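A structural walkthrough
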Amino acid sequence: MVKTKNDPVRWLKENLFSTPWNTVLSIVVVIVVGLFFKNLLEWSFTKARWAVIPANFRLLMVGPYPLEQLWRIWASLIAISLAAGFSWGTSTRERPLARAPFVLLGAIALLALVWQFGNPSGTLVPVACIGLVAGVFIGRAIKTENRVHYYLWTVLFFVCVFLIGFDFGRGGVPSSLWGGLLLTVLLSVVSIVASFPLGVLLAIGRRSKLPVVSGFCIVFIEVVRGVPLIAVLFMAQLFVPFFFPPDFPQLDKVARAIIGMTLFSAAYMAENVRGGLQNVPSGQDEAARAIGLSATQTLFLIVLPQGLRAVIPTIVGQFISLFKDTSLVEIIGLTDLVGIGEAVRNNPDWLGVTREIPITLGVIYFIFTYSMSLAAKNLEQRLKTSN
Amino acid sequence: MNLKTIAIGALALTAISASIATISVAQTQSNSRLDVVKKRGKLICGVNDKLAGFGFLDSNGKYSGFDVDFCKGVAAAVFGDASKVDYVPLTAAARFTAIQSGEVDVVFRNTTYTSSRDGEVGVDFGPIVFYDGQGVMVKSESPAKRITDLDGATICTNQGTTTEQNINDYGRLKKKQFKVVTYSDFDKVMAAFDQGRCDAVTTDSSGLAARRATAAKPEAYRIMSEIISKEPLAPFFAQNDSRWADVVRWTVLSTIYAEEIDLNSRNIDGAKTSGDPVVRRFLGLEGNSGKGFGLTADFAVDVVKAIGNYKEIYDRNLGPKTKLHIPRTLNANYENGGLLYAPPFR
């Protein structure tokens, strides 16, 4: 058996050319796929004007964010790398250090040094990489409790949001200047972070025995789930301003989009979480009450942890779809990654360059969503082993 | 719930809505937008960020383009500083709401000035900054000389605009059968055109010129000379605010007037020594035209110094040295056969 697996000719015969029909199908598929890749490669090496990407790299990353304020982004990035390294180091302190990620990091750092990402401040990419590695070693050296990491990330979240926009006396960066990948990530991170607790609360509320609470939760969940996200976003953009008097300071567009997406995502989250809660056998609940835990303790110590664990894949799936759904904000005039891609295509210098940008954006989206599912897989495995 | 609770609830609701109404009325009756802008220290200008030449983000992330330059002009007129602008990118759907809700002060966003928009939407329009019109482009080898020669042909355009309606109306008027096919955006229209799925494409002639100029082989396309619709593009702002309307109007007019009297961003400082009363009045050295709008007497100097006269703005963004290379035709000065004509500064 082992030999047949390694024998390519045999494998081909058994799997692709076993019957005449299979042979024809294989040949057709090979031709179609071959032609596709031939044309794609031919186009990308001869016709494509990839120069559009480095020339507009900063724009794709941060949009119209002012150059002289870019240090805010770099400071946030370096802080995040340090913290990420720290958490990573802590979580792997029991195991030997894997080499592959460091090789990858080194390659990225080197590439950044050589290519500069079309911008002199690209030299800060290696700094961020070094920060990450330093974080790993700190994490492995210092023994910390899980709690420390929760606090660290909560604080870091607010520090970064603050850093990106706050006025330090020399003028802040209004949210109208946030764009590109920065805005996409910000929108999704804030919406994900905010919609998770809200979703859990709604799920618990829906199971409540108080008719007012459960009624409110049911109405909210069903109404929001019955409306497309795009309608929620339009509502937030076009109607919310009329609820305030004309000279009233307007809630800015980014905040409105975040609120819309959070409420939308929370309704779906609630149903996912409720599925998980229903999955917990009632014996668990009864046993917890029997040993004298209060209703709240039962919920937070027994039911929720088990319920949430069961629905991690669904929840991550929802986060991934929320991440991709942020691209809808383009139609309400926010320049997220997709919006900025459209804007670059309409720069007169790059008119007629139509395919290069969507392809690049696809790759960026894939990197993010795939990392998210890898992280989820990792989390699932860890929770399984700790069980 | 007893009657008393209901009554109290109703009373409270009425009180709240009444107070909100009073606030809104008080706010709308307050000062002109000009005072709001001056107090804020910045102009908030609604623009397009996805239209080559008119409003887009350059590689440095700065808003740029023909419409954007006029935003800078208004800021220069109010503050003497063209950089005091915050840009708000607006979609076609959101642009009128943004004015109605007071989110932006003025919108320069390739918007066609029409009676229904002026009458029903609750905005007022400023002077026309660009005379556009819907045209038709065919391949150079096409035998069609006039749009009516395209009887039975497939004409492609993008969705969600009035172009589809215009071409259908035109066909009905001329009793010709056009097969109109729409695509979600104009890149797809051009791709279909190049693949021979469309015999002709139609959109605003500025757009056609831009597409032709940036094509791999511009000579492969021919734009027909006929125009089938009027698309005058103008800025707009909240209605019934004539002081603010004056500021926007005369900012635009000062660029047109400067071209008429041969003043531009380079020679306007030297013109201060001129003895010509027309020039002296424009520069605010005689008379006080700007004062009436709540601006300085020499606001036009600030405008022209910051963004140039109309010709400079046009050439910088749409002219022969740019990739778009849109011929001026209707947008030439009246002395050159165009429609641009500014009332006198006096």
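**Describing the side chain of Ser265(A)**
Residue and element names in this part refer to chain A. Locating serine 265 in the fold gives a position in helix α13 (residues 253–279). Its relative accessible area of 2% is what places serine 265 among the buried residues. Of the polar contacts made by the side chain of serine 265, one reaches the side chain of serine 195; its length is 3.2 Å.

**What about the domain arrangement of chain B?**
All names here are of chain B. Taken domain by domain, chain B consists of domain 1 (33–129 + 235–336) and domain 2 (132–232). Opposite the 10 residues of domain 1 that make contact, domain 2 presents 8 residues. Carbon and sulfur atoms supply 68% of the area that domain 1 and domain 2 bury against each other, a total of about 680 Å² over both sides. Among the residues of domain 1 in contact with domain 2, Thr112, Leu324 and Ile326 are the three that bury the most area, contributing 49% of the side total. On the surface where domain 1 and domain 2 come into contact, there are 0 salt bridges. Inspection of the region where domain 1 meets domain 2 yields 2 residue pairs in polar contact (both at pLDDT 80 or more).

**Observations regarding the pattern of salt bridges**
Applying the stated criterion across every chain, the model contains 27 salt bridges over all chains. With its nearest N and O atoms 3.6 Å apart, the salt bridge here joins Glu103(B) to Arg256(A). Linking Glu103(B) in the loop between α4 (95–100) and β6 (106–107) with Arg256(A) in helix α13, this pair reaches from one chain into another. For Glu103(B), a relative accessible area of 15% translates into the label buried. Close ionic contact of Arg345(A) with Asp187(B) constitutes a salt bridge, the shortest N to O distance being 2.9 Å.

**Here we look at the sheet that holds strand β3 (residues 55–57) of chain B**
Residue and element names in this part refer to chain B. One open sheet holds the 3 strands; their spatial order is β2-β3-β4, and the pairing between them is antiparallel. Of all strands in the sheet, those with a lone pairing partner are β2 (50–51) and β4 (63–64), marking the two edges. The pairing of β3 with β4 spans 2 bridges and is antiparallel. Each residue of the ladder has a partner; that of leucine 57, found in β4, is tyrosine 63.

**Some points on the interface of chain A and chain B**
Each partner contributes to the interface: chain A provides 35 residues, whereas chain B provides 35 residues. Buried surface at the junction of chain A and chain B, both sides included, amounts to about 2900 Å², of which 57% is carbon and sulfur. The interface formed by chain A and chain B contains 3 salt bridges. Broken down by secondary-structure element, the contributors of at least two residues to the side of chain A that touches chain B are α5 (57–62), α12 (229–238), α13 and α17 (337–345) of chain A. If you tally residues by element for the side of chain A that touches chain B, the top one is α17(A), at 5 residues. Here the residues of the side of chain A that touches chain B are counted per class, giving 16 nonpolar, 10 polar and 9 charged.

**A look at the state of the cysteines**
Residues and elements named next belong to chain B. Applying the stated criterion across every chain yields a total of 2 disulfides over all chains. Paired through a disulfide, cysteine 45 and cysteine 71 show a sulfur-sulfur distance of 2.0 Å. On the S-S bond that ties cysteine 45 to cysteine 71, the torsion sits near -65°, and the link is left-handed. Placement of the pair is cysteine 45 in strand β1 (residues 43–47) and cysteine 71 in helix α3 (residues 66–79), with a sequence separation of 26 residues.

**Concerning the side chain of Lys253(A)**
With respect to the helices and strands, the residue Lys253(A) is situated in helix α13. Buried and unpaired, Lys253(A) has Glu103(B) as its nearest opposite-charge partner, separated by 4.6 Å. Dropping the residues within four chain positions of it, Lys253(A) is found in contact with Gln237(A), Ile332(A), Gly333(A), Leu334(A), Val88(B), Pro89(B), Leu90(B) and Glu103(B).

**Notes on empty space enclosed by the protein**
Tallied over the full model, the rule gives 2 cavities of 30 Å³ or more. Around the largest cavity, the lining residues are Gln237(A), Leu238(A), Lys253(A), Arg256(A), Ile332(A), Leu90(B), Ala94(B), Thr97(B), Ala98(B), Ser101(B) and Glu103(B). Secondary-structure elements contributing two or more residues to the lining of the largest cavity are α12 and α13 of chain A together with α4 of chain B. Broken down by class, the residue content of the lining of the largest cavity amounts to 5 nonpolar, 3 polar and 3 charged. What the second largest cavity holds in volume is close to 30 Å³.

**Points about α3(B)**
Residue and element names in this part refer to chain B. A rise of 1.5 Å per residue sets the reference length of α3, with its 14 residues, at 20 Å; its end C-alpha atoms lie 20 Å apart and thus fit the reference within 8%. With respect to burial, α3 is a largely interior element, 12 of its 14 residues being buried. Along α3, the residues that are buried comprise Phe66, Asp67, Val68, Asp69, Phe70, Cys71, Gly73, Val74, Ala75, Ala76, Ala77 and Val78. Of the residues one or two after α3, glycine 80 is the one with positive phi, at around 70°.

What counts, and at which threshold
- Note on numbering: residues in each chain are counted from 1, in written sequence order.
- Note on labels: chains are lettered from A, ligands numbered from 1, in written order.
- Totals for whole chains, interfaces and linings use all residues, but because this is a predicted model, local features are given only for residues with pLDDT of at least 70 and pairs of side-chain atoms are given and counted only at 80 or more.
- Each side-chain value is worked out from all heavy atoms of the structure, with water and hydrogens disregarded.
- Runs of E in the DSSP output that reach at least two residues are strands. Runs of H or I that reach at least four are helices, and both are numbered from the N terminus.
- Think of it in three bands: with a 1.4 Å probe and only protein chains considered, a residue is buried below 20% of the maximum accessible area for its type, exposed above 50%, and partly exposed in between.
- In the analysis that follows, any N or O atom pair within 3.5 Å is treated as a polar contact, provided that within protein one partner can donate a hydrogen and the other can accept it, and provided that, for residues neighboring in sequence, both atoms belong to side chains.
- Either an automatic procedure or a domain database provided the assignment from which the domain bounds are taken.
- Two residues qualify as a contact provided that any one of their heavy atoms is within 4.5 Å of a heavy atom in the partner residue.
- A simple way to read buried area is as the amount of 1.4 Å-probe accessible surface that goes missing from two parts once joined, with both sides added.
- Basic side-chain nitrogens of Lys or Arg form a salt bridge, by our definition, when they fall within 4 Å of a carboxyl oxygen of Asp or Glu.
- By definition, two strands form a pair when at least two bridges between them are found by DSSP.
- Polar here means any residue other than Ala, Val, Leu, Ile, Met, Phe, Trp, Tyr, Cys and Pro, which are nonpolar, and Asp, Glu, Lys and Arg, which are charged; Gly is therefore polar.
- Two cysteine sulfurs form what is called a disulfide whenever their separation falls within 2.5 Å.
- The charged-residue count follows a simple rule in which Lys and Arg add positive charge and Asp and Glu add negative charge, with His and chain termini not counted at all.
- Points on a 1 Å grid over protein atoms alone make up a cavity when a 1.4 Å probe fits among them but cannot get out, and a pocket when they form an open set with protein on both sides within 12 Å along at least five of seven lines; lining residues each have an atom within 4 Å of a point.
- Grid points are joined across faces, edges and corners, and a volume is the space filled by probe spheres set on the points.
- Multiplying 1.5 Å by the helix residue count minus one yields the expected span of that helix.

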